[in-house]
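For reference, the chains in residue letters:
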Amino acid sequence: MRRRRAAVAAGFCASFLLGSVLNVLFAPGSEPPRPGQSPGPSPAPGPGRRGGRGELARQIRARYEEVQRYSRGGPGPGAGRPERRRLMDLAPGGPGLQRPRPPRARPLPDGAPGWPPAPGPGSPGPGPRLGCAALRNVSGAQYLGSGYTKAVYRVRLPGGAAVALKAVDFSGHDLGSCVREFGARRGCYRLAAHKLLKEMVLLERLRHPNVLQLYGYCYQDSEDIPDTLTTITELGAPVEMIQLLQTSWEDRFRICLSLGRLLHHLAHSPLGSVTLLDFRPRQFVLVDGELKVTDLDDARVEETPCTGNADCILEFPARNFTLPCSAQGWCEAMNEKRNLYNAYRFFFTYLLPHSAPPSLRPLLDSIVNATGELAWGVDETLAQLEKVLHLYRSGQYLQNSTAGSQAEYQRLPDSTIPQEDYRCWPSYHHGGCLLSVFNLAEAVDICENHAQCQAFVVTNQTTWTGRQLVFFKTGWSHVVPDPSKTTYVRASG
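Residues numbered from 1 in each chain as written. Predicted model: local features only at pLDDT ≥ 70, side-chain atom pairs only at ≥ 80, totals over all residues. Heavy atoms only, no water.

Re the overall build of the protein
Assigned secondary structure in the protein consists of 11 helices and 17 strands. Split into buried and exposed, the 493 residues of the protein put 51% on the buried side. The long-range fraction of contacts in the protein, counting pairs at least 24 apart against all pairs at least 6 apart in sequence, stands at 69%. (Helix = DSSP H or I, 4+ residues; strand = E, 2+ residues; numbered from the N terminus. Buried < 20%, exposed > 50% of the residue type's maximum accessible area, 1.4 Å probe, protein only. Contact = heavy atoms within 4.5 Å.)

This is how it looks when you write it as C-alpha cells:
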C-alpha cells in the first residue's frame, strides 16, 4: 500500500510538470489491462457474469434515480437553478460526449438515463464556482488517501489557496470489483461516479458550517472514458482520535458541539432527516477546529418502512434498540437516532467528560449517558451542549471554585518569562503548561493547585470561546520585556 501511494503521488506530481494534471491524474491507463485485453473499449461480459450489462444498467439507473431525488429535493440554502446537462450516455458502445460550453440540456436515448443535473451555479463562499480552468496550473499535488470508491488529493491553486480534489479511484475496490464482474469499464466508471455525484449534490443541498464546502467541479475527458468527474472541495485535516485525546478539553468540546449542531441540521434538513450509514471518524475532517462531515456518498434520506415495532430495530455491535413504528408505517426517528448513537460511541464517550472542569462534569455525564441510551433526541442533546457552552463561556461554571485562594501575586506589565516551563496535561503547548482561563482569579487558582507553579504569564491570545491563554512557570529568575504579555509572580513572605 505504501509503495502504491508513493507511486500514485509521484505520477501525479509529474503530471503537473507535463502540464496535463487532470488527464494524468484520472487516466484509466494507470491501471494495467488484464492479460489478453487491450486498453480500448471494454469487452462484452462473459457468460459467467451475473445478468451481464443489463444488470449493470439496472444498478446505474437505481443510483441515477437516487441522485435525481436529492437534486429535486426541497430548496436547499442558497441553491440556484439546477444546471440541466447530460454528462454521459449510458448506451453500450455509444459515442462519447463533448463537454458542452456553456452547459445545456441534450436529449437522451430511449431507456438510457444520463447523469442528473449538477448542483446549481451558486458557490458556498464569495466568488464564482471553481471549474476546470482553476485546475490548469495547480501545484503541490499530494495524495491524501482513498476509500472503496474515491481517491482524495491536496493541491494548491494559482492564487495560493489549498483545496481537496476527489475523483473515482481507478484502482479502487468499487471500480475493480465491478469490472471483474461485468467487464464493462465505462459502465463501471459511471456506476462508481454516481456515488461521487451523489455526494456532490448533497454537499450543495445540505450546506451548513459543519458540512464540507463544495467549491466546484470539473468534467475531464480521460484516455478511454469521457467526462470523468472531479469535485473541488474545502480542505480539512483528518480526525485522529489518539491526537484528540491529547488536546485541551475546550477543543474536544468544540468538536462534540460541532457534531451536535451537524446532527441537528441533518435531522431537520431541506431533504428530510438524513442519516450517515457510514459513520466513522474518517468520514469527518477538522477545519480550523470545527468538525465537518466530508463523506456523504453513503448518506440516506428515506426513513425505514415498517408494519410493527419488530421492523424498527437499530443494530450496533454492543447493543440494539427497538424504536416505535408510526401509524404512517415509518420507524420513528430512526435516521436521527442512528446518527446520535454513533456520535455517542465514536465521539462523545471519549471526548466529552475527560479533564473537563469539575463543575461541568455532572452535566457532561448526563449528555453521554442520555445519548448512550437514546433517551434524548438531537434537539435535546444540542440544547444541553449549548448550555455547557454558555456556562463555560460566561464563567458561571467557576462559581465558588476560586473563592478560597489567599495567595498574592505581583503584577509585572509588558514582560514575560521565556524559560522555566513545566509540562501539564492537557496543554495547548507540548513543551510547557499553556492553558486557557476565564479571568485572573482562575489563573491564580490554577497556579495554586500546581505544585511547580511560582508564576504565570498572561498572553494577548484567545481561544475560540474568547478565553485568554496563560503560560504557567516554575519561577521568574529571567524576566524580559514583552509588550504583548503581562507576568504575575508569587509574592514572597
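There's plenty left to go through after this.
Some remarks on the packing of aromatic side chains
On inspection of all chains with the given rule, the structure shows 17 aromatic pairs. With centroids separated by 6.5 Å and ring planes inclined at 15°, the aromatic side chains of Phe279 and Phe346 adopt a geometry described as stacked. Here Phe279, found in the loop between strand 7 (275–276) and strand 8 (284–287), pairs with Phe346, found in helix 8 (residues 334–351); they are 67 residues apart in sequence, far enough to count as distant. You'll find Phe279 and Phe346 in the same group, each marked buried. When the ring of Phe456 is compared with that of Phe472, the centres are 5.9 Å apart and the planes differ by 45°; the resulting orientation is tilted. (Phe/Tyr/Trp six-rings, centres within 6.5 Å; stacked < 30°, edge-to-face > 60°.)

Digging into helix 11 (residues 440–449)
Residues of helix 11 that are buried: Glu442, Ala443, Val444, Ile446 and Cys447. Capping of helix 11 at its N-terminal end is provided by Asn439; its side-chain oxygen lies 3.3 Å from the backbone amide nitrogen of Ala441. (Polar contact = N/O pair within 3.5 Å; in protein donor to acceptor, adjacent residues only side chain to side chain.)

Considerations on the packing of helix 7 (residues 249–267) against helix 8
Two quantities define a packed helix pair, namely the angle between the axes and the distance from one axis to the other. Put simply, helix 7 and helix 8 touch, their axes get as near as 11 Å, and they point 180° apart. Judged on the interaxial angle alone, helix 8 and helix 7 are roughly antiparallel. In this structure, helix 7 contributes Trp249, Arg252, Ile255, Cys256, Leu259, Leu263, Leu266 and Ala267 to the contact, and helix 8 contributes Glu336, Asn339, Leu340, Ala343, Phe347, Phe348 and Leu351. Class assignment for the residues of the contact of helix 7 with helix 8 results in 12 nonpolar, 1 polar and 2 charged. (Axes fitted to C-alpha atoms, helices over the stretch in contact; angles between N-to-C directions. Parallel < 35°, antiparallel > 145°, perpendicular 65-115°, else oblique. Nonpolar A, V, L, I, M, F, W, Y, C, P; charged D, E, K, R; others polar.)

Regarding the pattern of salt bridges
According to the stated counting rule, one finds 21 salt bridges in the structure shown. Across the salt bridge formed by Glu55 and Arg58, the nearest N and O atoms sit 2.9 Å from each other. Taken together, the residues span about one helical turn, with Glu55 and Arg58 both in helix 3 (residues 52–71) at a distance of 3 residues. Here Lys485 ties to Asp482 by a salt bridge, and the two come within 3.2 Å at their closest N and O atoms. Through salt bridges with shared partners, a single network forms among Lys150, Lys166, Glu199, Asp295 and Asp297. (Salt bridge = Lys/Arg side-chain N within 4 Å of Asp/Glu carboxyl O.)

Remarks on the state of the cysteines
By the definition in use, this model includes 6 disulfides. Through a disulfide, Cys132 is tied to Cys218; the S-S separation comes to 2.0 Å. Handedness here is read from the sign of the S-S torsion; for Cys132 and Cys218, about 105°, the answer is right-handed. Taken together, the residues Cys132 in the loop between helix 3 and strand 1 (139–146) and Cys218 in strand 4 (residues 214–220) connect sequence positions 86 residues apart. There is no split in this pair, since Cys132 and Cys218 are both buried. (Disulfide = S-S within 2.5 Å.)

Quick notes on the sheet that holds strand 9 (residues 290–293)
The 3 strands are arranged 6-8-9 in an open sheet whose pairing can be described as antiparallel. In this open sheet, the two edge strands, each paired with only one partner strand, are strand 6 (237–238) and strand 9. In the sheet, strand 6 pairs with strand 8 via 2 bridges, with the strands oriented antiparallel. Counterpart to Ala237 in the pairing with strand 8 is Leu286. Set on the sheet, helix 7 makes contact with strand 8 and strand 9; between it and strand 9 the angle comes to about 40°. (Pairing = 2+ DSSP bridges.)

Overview of the sheet that holds strand 3 (residues 162–168)
Reading across from one edge, 1-2-3-5-4 is the order of the 5 strands in this open sheet, with antiparallel pairing throughout. With one partner strand each, in any of the chains shown, strand 1 and strand 4 form the two edges of the open sheet. Between one strand axis and the next, the sheet turns by 25° as a mean value, whatever way the strands run. The sheet contact formed by strand 4 and strand 5 (residues 228–233) spans 6 bridges and is antiparallel. Residue pairing across strands places Gln220 opposite Thr228, the latter belonging to strand 5. Helix 5 (residues 185–205) rests against strand 2 (150–156), strand 3, strand 4 and strand 5 of the sheet, and its axis sits at about 30° to strand 5.

Digging into unusual backbone geometry
Note: most residues except glycine have negative phi, and most peptide bonds are trans. Of note, the amide linkage connecting Trp425 to Pro426 takes the cis form, showing an omega dihedral of -5°. Relative to the helices and strands, Pro426 resides in the loop between strand 13 (409–416) and strand 14 (433–437). Positive phi, close to 60°, is recorded for Ser355, a residue that is not glycine. Position of Ser355 relative to the elements: it lies in the loop between helix 8 and helix 9 (361–372). Despite not being glycine, Asp414 shows a phi value in the positive range, around 55°. Within the element layout of this structure, Asp414 appears in strand 13.

Focus: helix 8
Helix length check: helix 8, at 18 residues, gives a terminal C-alpha distance of 24 Å against a target of 26 Å (1.5 Å per residue), a fit within 8%. The buried count for helix 8 comes to 14 of 18 residues, which makes it a mostly enclosed element. (Expected span 1.5 Å × (residues − 1).)

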